[in-house]
Amino acid sequence: MLGRDSRLEVDLGFIKLKNPVIAASGTFGYGDEVAEFVSPSFLGGFVTKGLSIKPKQGNPPPRTCETACGMLNSIGLENIGIERFLKEKLPKIKAYNTAIIVNIFGESISEYATAASMLKGVAEISAIEINISCPNVKKGGMLFGTDPKLSFQITKAVLKESDKPVIVKLTPNVTDITVIAKSVEEAGAYAISLINTITGMAVDIERRKPVLGNMIGGLSGPAIKPVALYMTYRVVNSVSIPVIGGGGIMDYKDALEFLIVGAKAVQVGTANLVNPKACINIVEGLNQYCTEKGIERLQNIVGSLRTE
Amino acid sequence: MSVLDAKVVFNKCLAKEIYFLLLKAKEVSLKAKPGQFVMLKLYPDRLAFLRRPFSICLSLPEKDIFAILYTIKGKVTQSMSSLNTGATISVVGPLGNPLKLPENISDLILIGGGIGIAPLISFLPMYHEKAHFIAGFRSSEDYIDVKEIFPGTYEYIVATEDGSKGYKGTSLDLFRQYTKSRVFNNAIVISCGPLAMLKKLSKICAQAKLTCYVFLETHMACGMGLCQGCVVKTKQGYKRVCKDGPIFSAEEICWEEIRD
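Residues numbered from 1 in each chain as written. Chains lettered and ligands numbered in written order. Predicted model: local features only at pLDDT ≥ 70, side-chain atom pairs only at ≥ 80, totals over all residues. Heavy atoms only, no water.

### Comments concerning the overall build of chain B
To keep things clear, this is the line we draw: The secondary structure listing takes helices from DSSP runs of H or I that are at least 4 residues long and strands from runs of E that are at least 2 residues long, numbered from the N terminus. For the radius of gyration, the atoms used are the C-alpha atoms, and the globule rule reads 2.2 Å times the number of residues raised to 0.38. In this scheme, a residue with accessible area under 20% of its type's maximum is buried, one over 50% is exposed, and one in between is partly exposed, where area comes from a 1.4 Å probe on protein chains only. Whether two residues are in contact is decided by their heavy atoms, any of which lying within 4.5 Å being enough. All accessibility values rest on the Shrake-Rupley procedure with a 1.4 Å probe; residue burial counts only the protein chains present in the view.
Counting its regular elements, chain B contains 7 helices and 16 strands. For chain B, whose C-alpha radius of gyration is 18 Å, the value lies close to the compact-globule estimate of 18 Å for 260 residues. Each of the three principal axes of chain B carries a C-alpha extent, and together these read 50 × 40 × 35 Å. The 260 residues of chain B split such that 59% are buried. Here the contacts in chain B between residues at least 6 apart in sequence split such that 61% fall between residues at least 24 apart. Roughly 11,400 Å² of accessible area belongs to chain B as shown, and the carbon and sulfur atoms make up 50% of that amount.

### Points about the overall build of chain A
Our working rule: Under the convention used here, Asp and Glu are negative, Lys and Arg are positive, and both His and the chain ends fall outside the count. Just so you know, the charge point we use is NZ for Lys, CZ for Arg, CG for Asp and CD for Glu.
For chain A, the helix and strand inventory stands at 9 helices and 16 strands. Computed over C-alpha atoms, the radius of gyration of chain A comes to 18 Å, within 12% of the 19 Å expected from 2.2 N^0.38 for 308 residues, which places it in the range of a compact globule. Its C-alpha atoms give chain A principal-axis dimensions of about 55 × 50 × 40 Å. Buried residues in chain A amount to 61% of all 308 residues. In chain A, 71% of the contacts between residues at least 6 apart in sequence involve partners at least 24 apart. Accessible surface, chain A as shown: approximately 12,100 Å² in total, 52% of it carbon and sulfur. Of note, chain A has its 33 positive side-chain charges centred 3 Å away from the centre of its 29 negative side-chain charges.

### Examining the interface of chain B and chain A
Quick reminder of the rule: Throughout, buried area stands for the accessible area (probe radius 1.4 Å) lost by two parts on being put together, summed over both. Salt bridges are identified by distance alone: a Lys or Arg side-chain nitrogen within 4 Å of an Asp or Glu carboxyl oxygen. N or O atoms closer than or at 3.5 Å make up a polar contact, with two conditions inside protein: a donor-capable atom paired with an acceptor-capable one, and, for residues adjacent in sequence, both atoms drawn from side chains. Think of it as three bins: nonpolar holds Ala, Val, Leu, Ile, Met, Phe, Trp, Tyr, Cys and Pro, charged holds Asp, Glu, Lys and Arg, and polar takes everything else, Gly as well.
The interface of chain B with chain A comprises 28 residues on the first partner and 38 residues on the second. Looking only at chain B, the three residues that lose the most surface to chain A are Phe 49, Leu 226 and Tyr 238 of chain B, adding up to 29% of its buried area. Taken together, the connections running from chain B to chain A amount to 3 salt bridges. In this structure, Arg 240 of chain B engages Glu 33 of chain A in a salt bridge whose closest nitrogen and oxygen atoms are separated by 3.9 Å. Applying the counting criterion to the chain B and chain A interface returns 7 residue pairs in polar contact (both at pLDDT 80 or more). Contributing elements (two or more residues each) for the side of chain B that touches chain A: strand S1 (2-15), strand S7 (88-95), strand S14 (231-234) and strand S15 (237-240) of chain B. Per-class residue counts for the side of chain B that touches chain A are 15 nonpolar, 5 polar and 8 charged.

### Thoughts on the environment of Ile 82 of chain A
Residue and element names in this part refer to chain A. Locating Ile 82 in the fold gives a position in helix H1 (residues 82-93). The exposure class of Ile 82 is buried, given its relative accessible area of 0%. Ile 82 sits 62 residues away from Phe 144 along the chain, and the two C-alpha atoms are 21 Å apart.

### Describing the pattern of salt bridges
Summed over all chains, the structure comprises 20 salt bridges over all chains. The shortest N-O distance in the salt bridge between Glu 78 of chain A and Arg 63 of chain A comes to 2.6 Å. Here Glu 78 of chain A is found in the loop between strand S6 (70-73) and H1, whereas its partner Arg 63 of chain A is found in the loop between strand S4 (45-47) and strand S5 (64-67), with 15 residues between them in sequence. Overall, the relative accessible area of 0% leaves Arg 63 of chain A in the buried class. Between Lys 239 of chain B and Glu 252 of chain B there is a salt bridge, and its shortest N-O distance comes to 2.9 Å. Placement of Lys 239 of chain B in strand S15 and of Glu 252 of chain B in the segment after strand S16 (247-249) is noted, with a sequence separation of 13 residues between them. For Lys 239 of chain B, a relative accessible area of 22% translates into the label partly exposed. Residues joined by salt bridges that share partners form a network here, namely Asp 32, Lys 89 and Lys 92 of chain A.

### Some remarks on the domain arrangement of chain B
For an interface, size is often stated in terms of accessible area lost upon the parts coming together. Residues and elements named next belong to chain B. Rule in force here: Domain delimitation follows an automatic or database domain assignment.
If you check the domain split of chain B, you get domain 1 (2-95) and domain 2 (107-215). Its C-alpha centre places domain 1 at a distance of 24 Å from the equivalent point of domain 2. In this complex, domain 1 contributes 14 residues to the contact, which on the side of domain 2 involves 16 residues. For the pairing of domain 1 and domain 2, the buried interface totals around 1,300 Å² over both sides, and the portion due to carbon and sulfur atoms is 77%.

### A word on the sheet that holds strand S4 (residues 52-55) of chain B
All names here are of chain B. Which entries qualify depends on this criterion: DSSP-based pairing: two strands are paired if at least 2 bridges between them are found. Throughout, an axis means a line fitted to C-alpha atoms (over the contacting stretch in the case of helices), and angles, computed between N-to-C directions, take values from 0 to 180 degrees.
Reading across the sheet, the 7 strands line up as S4-S3-S7-S1-S2-S6-S5 and stay open at both edges, with antiparallel pairing between neighbours. The sheet terminates laterally at S4 and strand S5 (58-60), the two strands that pair on one side only. On average, each strand axis in the sheet is inclined to that of its neighbour by 35°, with strand direction left out of account.

### Considerations on the packing of helix H5 (residues 177-187) of chain A against helix H6 (residues 225-236) of chain A
Residues and elements named next belong to chain A. Formally: Oblique is the label for any angle not under 35 degrees, not over 145, and not in the 65 to 115 range, which are roughly parallel, roughly antiparallel and roughly perpendicular in turn. Handedness of each helix crossing follows the sense of rotation of the near helix against the far helix: counterclockwise by less than a right angle gives left-handed, clockwise gives right-handed.
Put simply, H5 and H6 touch, their axes get as near as 9 Å, and they point 45° apart. As the angle between them shows, H5 and H6 are arranged oblique. As H5 packs across H6, the resulting crossing turns out to be right-handed. Contacts between H5 and H6 involve Ile 177, Thr 178 and Ala 181 on the former and, on the latter, Met 231, Arg 234 and Val 235.

### Quick notes on H6 of chain A
Residue and element names in this part refer to chain A. Operational definition: Here the expected length of a helix is defined as 1.5 Å per residue gap, with one fewer gap than residues. Throughout, the arc means that of the directions going from the helix axis to the C-beta atoms.
Helix length check: H6 (12 residues) gives 16 Å between terminal C-alpha atoms against 16 Å at 1.5 Å per residue, within 8%. Considered for burial, the residues of H6 that qualify are Lys 225, Ala 228, Leu 229, Met 231, Thr 232, Val 235 and Val 236. Buried residues in H6, looked at end-on, bunch into an arc of 165°, giving them a common side. Considering only its buried residues, H6 is in contact with H5, strand S10 (191-194), strand S15 (243-246) and helix H7 (252-261).

### Some thoughts on the sheet that holds strand S12 (residues 187-192) of chain B
Within a sheet, each strand pairs with its neighbour through backbone hydrogen bonds, oriented either parallel or antiparallel. Residues and elements named next belong to chain B. Strand order in the open sheet formed by 7 strands is S11-S10-S9-S8-S12-S13-S16, with mixed pairing between adjacent strands. Single-partner strands in this sheet number two, and they are strand S11 (167-168) and S16. The pairing of strand S8 (residues 107-113) with strand S9 (residues 131-137) spans 6 bridges and is parallel. Paired with Ile 109 across the bridge in S9 is His 132. Where helix H6 (residues 171-180) meets the sheet, its contacts fall on S8, S9, strand S10 (155-160), S11 and S12, and the angle it forms with S9 comes to roughly 145°. Contacting S8, S12 and strand S13 (211-215), helix H7 (residues 195-208) crosses the sheet at an angle of about 165° to S12.

Dropping the structure here:
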């Protein structure tokens, strides 16, 4: 059955995925919306919309804007809060045969820790992803992810309050991403995922106003893929914990590029917005690639980049 | 809801820069309910990155066909207007929360501003016997004969801003005129058009104690409720136009916070 081909299996050490394709936070809702189109069971895993202790209403619209080969968003982490997620969403999504990764954020270190503690003991959750990289909120978010000390402290605080493996999602909006990567590894992160969106803006020349209600937003889509790939390559070569790479992946070929530079798994984000079947198409493509190239285990190509 | 490739059955220019596009897509035509929409993407897809939303104006499940009415606004619709019969378009849909009208309504007053008539037409197959269709256009140049798209027993009255066709004025002027001389016991108003028009209409209806629903349009990325990008401020907080709408009760919208 599709998605179950053993050639695609990934062992991240703390969690086994049936394939390396993970739907990224913020592009897959809470997992129930997209089920009308395609079963999330085909995925290696999916990451929920970022959740906070209390519901958050997000930024004023307009919140999205198309750009060359991509889009800007300034959603501002609108979410229903952890309590409602556990009560209303989890019962619907726990039946899916896939890894459920819950993305959390807060405005302070203690809020991150509290968010993590609220997920304690919930067996259906495979891992927590810490968002220290959202460019669209004034407090928290990227502020933490651009500071190696704060990144370290948040990772530590969450690990202390959590009984789950912890993945830290990094922002590309830094001078040297390997500094942050090393600090979260040192703090004990199980894995690193990257990249979140790149800060950007767009101007409406008729009104001479920012297109986005929040003025600035995060750039995603194929436009950022080369940057994401480069950063993944650099992080893979600076830490020894597993790296989940992504940024602008649209098809299986894009996914392969990330695997070849050393990511064990990939996150697919904006592609889901354009085509709800994007992830499933990537899984199919990877299967086909294995067949065509006679690859027995796709993980064998991870980090196989030939640099000479 | 499906993701599929649909074939163009025909793509005809009905008025200045306004086209009627018939697409063959069995699953969409079977499932579409009044007020729903589709997200479309042309091939090859280099023209635009995101899909574009279009209201379904008619659905003919017996022929596996659905129709959209669109106006040329940008590069995607420009390119769409040159599609020939047999061309392929990628479709996601039907999307949106369909409006369930109460069984006992006496009259359905549909008020369309320009291309805003498109989603209103989708109510005619079920409600044409109770419908009053009021449409406003700039001039006779962009006038669309809705009766040609869906013939029925409803009244179709038209206003143009320059008076070159029908009543001289806006659709709202005409609506005021039309309702002045009539008494409705259990009428519902549904409208689609420019934001400024919907704002005004919601006030008029509130004063006249008429139940009013409006179609809202915001910039959408996914159309499926995934990204929460297309929100509009309501009295219950932000709601997604794509998933919670696109039809909203005029009363629940925080009109003063919407920029037009």
